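Take a look at the letters that make up each chain.
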Amino acid sequence: MPTKPMPPAPESSPAPETSPLRKMILVASIAAGVQFGWALQLSLLTPYVQLLGIPHTWAAFIWLCGPISGMLVQPTVGYYSDRCTSRFGRRSPFIVAGTALVALAVFLIGFAADLGHAFGDPVDRTPRTRAIVVFVVGFWILDVANNTLQGPCRALLADLADERVSLTRNANAFFSFFMAVGNVLGYAAGSYQKLYHVFPFTKTRACDQYCANLKSCFFISIALLVTLTAIALSCVREKQFVLPMGEGKNGNSQEENGGEKRSVRVPFFGDLFGALRELPRPMWVLLLVTCLNWIAWFPFLLFDTDWMGKEVYGGEVGQGSTYDKGVRAGALGLMLNSVVLGLMSLAIAPVARGVGGVKRLWGIVNLVLAVCLLMTVLVTKEAQHHRVAGASAPPTGVKVGALAVFAVLGIPLAITYSIPFALASIFSAASGSGQGLSLGVLNLAIVIPQMLVSVTSGPWDDLFGGGNLPAFVVGAIAATTSAILSFTMLPSPPTDVKIDVAGGGGH
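To keep things clear, this report deals only with the structure shown in the data block. Everything numeric here is computed off the predicted structure, so don't read it as measured data.

1. Brief notes about the nonpolar core
So, point 1. Counting 123 residues, the largest nonpolar core has Tyr48, Leu286, Trp307 and Trp362 as its most contacted members.
So, point 2. Among the elements that line this core, the one with the most residues is helix α11 (residues 281-312), at 15 residues.

Written out as structure tokens, the structure is:
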């Protein structure tokens, strides 16, 4: 009796359907909520901590908590989010936890002066020791929260991109665009001096108008982040992740012994250092270029509004209104920067094609970054010249020049927020690494230079008589070096095909 031919066996692992663009946009929109609060940090917190009584030299050490927490938290979160088997998905639980921590941290920072006064700080003199302690604790929690939140967001975007090169680039471009949106909203809120009228209870005996405005901004920040996170996670439902055969829930391997399985613990840091040892050459070059890039960026991101208040406007913290006017002008400059950042984020793909690829684009914008950092010296010297001549405020030309520096810097910042993360996702997919852990490794190349700048920028500036220019000049040198390495050593990403991956953090 003739046998019927057997039907072809179904494929064991059909390619998952590519997630719709709408899901990527919703997840990327969380960056607007995160960056709203980050914009407030960059524009208002350095002057705020100095008003609490921390001198300029030590203000940089306050910011050291961010890089330290980033170095420890983001790789850890990335590692465990790659292996999370929650019914809510791999990334969503960490995103929710990060959002909750942000809300707690922002409350502590906003009410630092009030809590310090309640614990015994006088309101008529500085330093306000107890307020500073509350502020630092809140600031540490905020940085831990941001790292808990942002890493899984980017990893979820990489999951949704399904290892497609063009989708990965677009996903990170969307993330960069929404960071720009958050920046614009944050800097706009920070520059509006009567926002505390919306929340009149924020102005207290211990918290003046400047402090009340900051507190009001943080209330808006919490509401925006919670709303965007709730919308994104309710519309983008992750499937429960099933660990590959032979791997335990916490990264354990399963070994058979006489028919019984026993867990062999693979420590997280051993896994991290193992990942560093086994990095392919493209990832090492990417880490080096990224490291130098952030050595260039961090001095300006840390002290940009302080530079406007001191060097451009010639003010001093707590003495008259000149410094505050400069800080507000700096907030306007940061808002212009964010507008350019958003527009450039949407134009990355066509511009990259026009200049011959992303590696060449990154090299070009690093040269733009170097020129802009050197231009701060020219703007400062021109402002000082007019003050010597008797001008009480910088002339229009100096103001325009300073704001132009802020605006043009939006171009390289869009690349910094997008291309390194896209390349890390592409290179890690090609090598079979988990997205969360790989982005955590890239984060090391960001936080280590931030730690270096935080520790050295204050003493370095004091060595040359104070001010911010010495650190900016070092940043220009680092940006130039980063550009040269990008042109000569950074490999181009592969063509737009789906990268087949065995193992790793599969999607």
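Next comes the rest of the account.
2. Observations regarding empty space enclosed by the protein
So, point 1. Enumeration over the complete set of coordinates arrives at eight cavities of 30 Å³ or more.
So, point 2. Roughly 490 Å³ of volume is contained in the largest cavity.
So, point 3. Along the wall of the largest cavity there are 26 residues; nearest its centre are Asn147, Gln150, Asn443, Ile446 and Gln450.
So, point 4. At the level of elements, α2 (30-51), α4 (65-81), α7 (129-161), α11 and α17 (435-463) are the ones that each hand at least two residues to the lining of the largest cavity.
So, point 5. Tallying contributions element by element places α7 first for the lining of the largest cavity, with seven residues.
So, point 6. Of the residues belonging to the lining of the largest cavity, the class tally is 14 nonpolar, ten polar and two charged.

3. As for the packing of aromatic side chains
So, point 1. The full count for this structure, using the stated rule, is twelve aromatic pairs.
So, point 2. Taking the centre distance of 6.3 Å and the plane angle of 55 degrees together, the rings of Phe300 and Trp307 count as tilted. One exposure class covers both Phe300 and Trp307, and it is buried.
So, point 3. In textbook terms, an aromatic cluster arises when at least three aromatic residues are bridged by ring pairs, as seen for Phe107, Phe111, Phe199, Phe201 and Phe219.
So, point 4. Lying across the ring of Phe421, Arg154 places its NZ or CZ 3.6 Å from the centre.

4. Quick look at the packing of helix α5 (residues 92-110) against α7
So, point 1. Between α5 and α7, the least distance of the axes is 8 Å, while the angle of their chain directions is 155 degrees. With respect to each other, α5 and α7 are oriented roughly antiparallel. Our pair here, α5 against α7, has a crossing hand that is left-handed.

Calculation notes
Residues numbered from 1 in each chain as written. Predicted model: local features only at pLDDT ≥ 70, side-chain atom pairs only at ≥ 80, totals over all residues. Heavy atoms only, no water. Core = buried A, V, L, I, M, F, W, Y, C linked by side-chain atoms within 4.5 Å. Buried < 20%, exposed > 50% of the residue type's maximum accessible area, 1.4 Å probe, protein only. Helix = DSSP H or I, 4+ residues; strand = E, 2+ residues; numbered from the N terminus. 1 Å grid on protein atoms, 1.4 Å probe; cavity = no way out; pocket = protein on both sides within 12 Å on 5 of 7 lines; lining within 4 Å. Points joined across faces, edges and corners; volume = space filled by probe spheres on them. Nonpolar A, V, L, I, M, F, W, Y, C, P; charged D, E, K, R; others polar. Phe/Tyr/Trp six-rings, centres within 6.5 Å; stacked < 30°, edge-to-face > 60°. Lys NZ or Arg CZ within 6 Å of the ring centre and 35° of its normal. Axes fitted to C-alpha atoms, helices over the stretch in contact; angles between N-to-C directions. Parallel < 35°, antiparallel > 145°, perpendicular 65-115°, else oblique. Left-handed = near helix turned anticlockwise from the far one by under 90°.

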